[in-house]
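Remarks on the overall topology
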Amino acid sequence: FSKNSWNNRNLILLKNKKIWMTVPLKKSKLNTNLNHKKIDYKTNWKKKITNLVMQSYAKHPFKHNLKELFDFINDLNCDVLSDLNILIIKFISDKLKIESKFSLSSNFNIDKKRTDKIIGILETTKATEYISPFGAKDYLTDDEFKKKTNIKLIINNFIPKSYNQLNSSQFVSHLSMVDVIGNIGWDGAKNYIGEE
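Residues numbered from 1 in each chain as written. Predicted model: local features only at pLDDT ≥ 70, side-chain atom pairs only at ≥ 80, totals over all residues. Heavy atoms only, no water.

1. A few points about the overall build of the chain
Applicable threshold: For the purposes of this entry, the term helix denotes a DSSP run of H or I that reaches at least four residues, the term strand denotes a run of E that reaches at least two, and both are numbered from the N terminus. Here the radius of gyration uses the C-alpha set of atoms, whereas the globule reference equals 2.2 Å times the residue count to the power 0.38. In this analysis, two residues are considered to be in contact whenever any of their non-hydrogen atoms come within 4.5 Å of each other. Just so you know, the count uses Lys and Arg for positive and Asp and Glu for negative, and it drops His and the chain ends. Charge positions are represented by NZ for Lys, CZ for Arg, CG for Asp and CD for Glu.
A tally of regular secondary structure across the chain gives seven helices and four strands. Counting from the amino terminus, the chain carries its helices and strands in the arrangement β-β-α-α-α-α-β-α-α-β-α. Expected size for 196 residues packed as a compact globule is a radius of gyration near 16 Å; at 18 Å, the chain falls within 12% of this value. Seen through its principal axes, the chain has C-alpha atoms that stretch 50 × 40 × 30 Å. Here the contacts in the chain between residues at least 6 apart in sequence split such that 54% fall between residues at least 24 apart. Where the 33 positive side-chain charges of the chain centre and where its 20 negative ones centre are 6 Å apart.

2. Re the nonpolar core
Threshold: By nonpolar core we mean a set of buried residues, namely Ala, Val, Leu, Ile, Met, Phe, Trp, Tyr and Cys, connected to one another through side-chain atoms within 4.5 Å. Each residue's exposure class comes from its accessible area (1.4 Å probe, protein chains only) as a fraction of the maximum for that residue type: buried when under 20%, exposed when over 50%, partly exposed otherwise.
In terms of nonpolar packing, the biggest core is built from 33 residues, with Ile39, Val53, Leu69, Leu84 and Val178 touching the most fellow members. For this core, the secondary structure elements donating two or more residues are strand 1 (9–14), helix 1 (45–56), helix 2 (63–75), helix 3 (81–95) and helix 7 (177–195). For this core, the element with the most residues is helix 7, which contributes seven residues.

3. Thoughts on unusual backbone geometry
Despite not being glycine, lysine 15 has its phi angle at roughly 50°, a positive value. On the secondary structure map, lysine 15 appears in the loop between strand 1 and strand 2 (17–22).

4. Looking at the packing of helix 1 against helix 2
Put simply, the rule reads: In this analysis, axes come from line fits to C-alpha atoms, helices being fitted only over the stretch in contact, and the angle between any two N-to-C directions falls in the range 0 to 180 degrees. Oblique is the label for any angle not covered by the other classes, which are roughly parallel (under 35 degrees), roughly antiparallel (over 145) and roughly perpendicular (65 to 115). Gly falls in the polar group here, along with every residue not listed as nonpolar (Ala, Val, Leu, Ile, Met, Phe, Trp, Tyr, Cys, Pro) or charged (Asp, Glu, Lys, Arg).
The interhelical angle for the contact between helix 1 and helix 2, taken along N-to-C directions, is 175°, at an axis separation of 11 Å. In terms of their interaxial angle, helix 1 and helix 2 are classed as roughly antiparallel. In this structure, helix 1 uses Lys46, Lys47, Ile49, Thr50, Val53 and Met54 to contact helix 2, whose residues at the interface are Lys63, Leu66, Lys67, Phe70, Ile73 and Asn74. Per-class residue counts for the contact of helix 1 with helix 2 are six nonpolar, two polar and four charged.

5. Concerning the environment of glycine 188
With respect to the helices and strands, the residue glycine 188 is situated in helix 7. Glycine 188 sits 175 residues away from leucine 13 along the chain, and the two C-alpha atoms are 18 Å apart.

6. Details of the pattern of salt bridges
The test is simple: Within this document, salt bridges are pairs made up of a side-chain nitrogen of Lys or Arg and a carboxyl oxygen of Asp or Glu, the two lying within 4 Å of each other.
One pass over the structure, following the stated rule, counts five salt bridges. Between lysine 67 and aspartate 71 there is a salt bridge, with its nearest N and O atoms 2.8 Å apart. Here lysine 67 pairs with aspartate 71, and both are found in helix 2, just four residues apart, close to one helical turn. Residue arginine 114 is joined to aspartate 143 by a salt bridge in which the shortest nitrogen-to-oxygen separation is 2.8 Å. Placement of the pair is arginine 114 in helix 4 (residues 114–124) and aspartate 143 in the loop between helix 5 (137–142) and helix 6 (145–148), with a sequence separation of 29 residues. Take arginine 114: its relative accessible area is 45%, and that puts it in the partly exposed class.

7. Here we look at the environment of lysine 137
Mapped onto the elements of the fold, lysine 137 is located in helix 5. For lysine 137, a relative accessible area of 37% puts it in the partly exposed group. When the C-alpha positions of lysine 137 and isoleucine 155 are compared, they lie 6.8 Å apart, and in sequence the two are 18 residues distant.

8. Quick notes on the environment of isoleucine 39
In this structure, isoleucine 39 sits in the loop between strand 2 and helix 1. With a relative accessible area of 2%, isoleucine 39 lands in the buried category. For the pair isoleucine 39 and leucine 81, spaced 42 residues apart in the sequence, the C-alpha separation amounts to 5.8 Å. Ignoring any residue separated from it by four or fewer positions in sequence, one finds isoleucine 39 in contact with Val23, Pro24, Leu25, Lys26, Trp45, Cys78, Asp79, Val80, Leu81 and Leu84.

9. Side note on the pairing of strand 1
Going by this rule: Here, strands pair whenever DSSP counts at least two bridges between them.
Both strand 1 and strand 2 contribute to a ladder of six bridges, which runs antiparallel. Looking at the pairing, arginine 9 lines up with threonine 22 of strand 2. Hairpin remark: strand 1 followed by strand 2, antiparallel, with two residues in the connecting loop; positive phi at lysine 15, about 50°.

Right, dumping it as structure tokens:
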């Protein structure tokens, strides 16, 4: 887990401004693994986030798709952040007809950190290339990924294409899937992702 990362928060648009949706977490050591990071239920964060999203996207053409997503989220009973994230990712993947095999890194029993753990997983699965998010580039470079393995490293510096955003004079990028779904719906999102 990294503080101020995307693990427990994401961005939506409210009145043309980016705002954070955040799942509150219980305090723990800085190096706590994601599969041990506990969600804090002292506040009714699900209701707060749902209300925020449904109010922000109340006039959007696919608010009913957002309601379906948040009904699913509100029915979940997860104590651990990674469980919540995995279930949401699988739900959205299913709605978008994305057929992928999901594996938990914890199931590989590789007792290493950062880059060495990634390389261990890649070698175990006989991968020939690794597509990494741009945010990991610095630590993969610092840890000398390319010197430690022959697996091809591809840094994905994703630049999203624009889509119609209601009441937005200029496209605002790098928002949550919530914004995509609210503006263009499940079918539109499926086509949008397929174009990338």
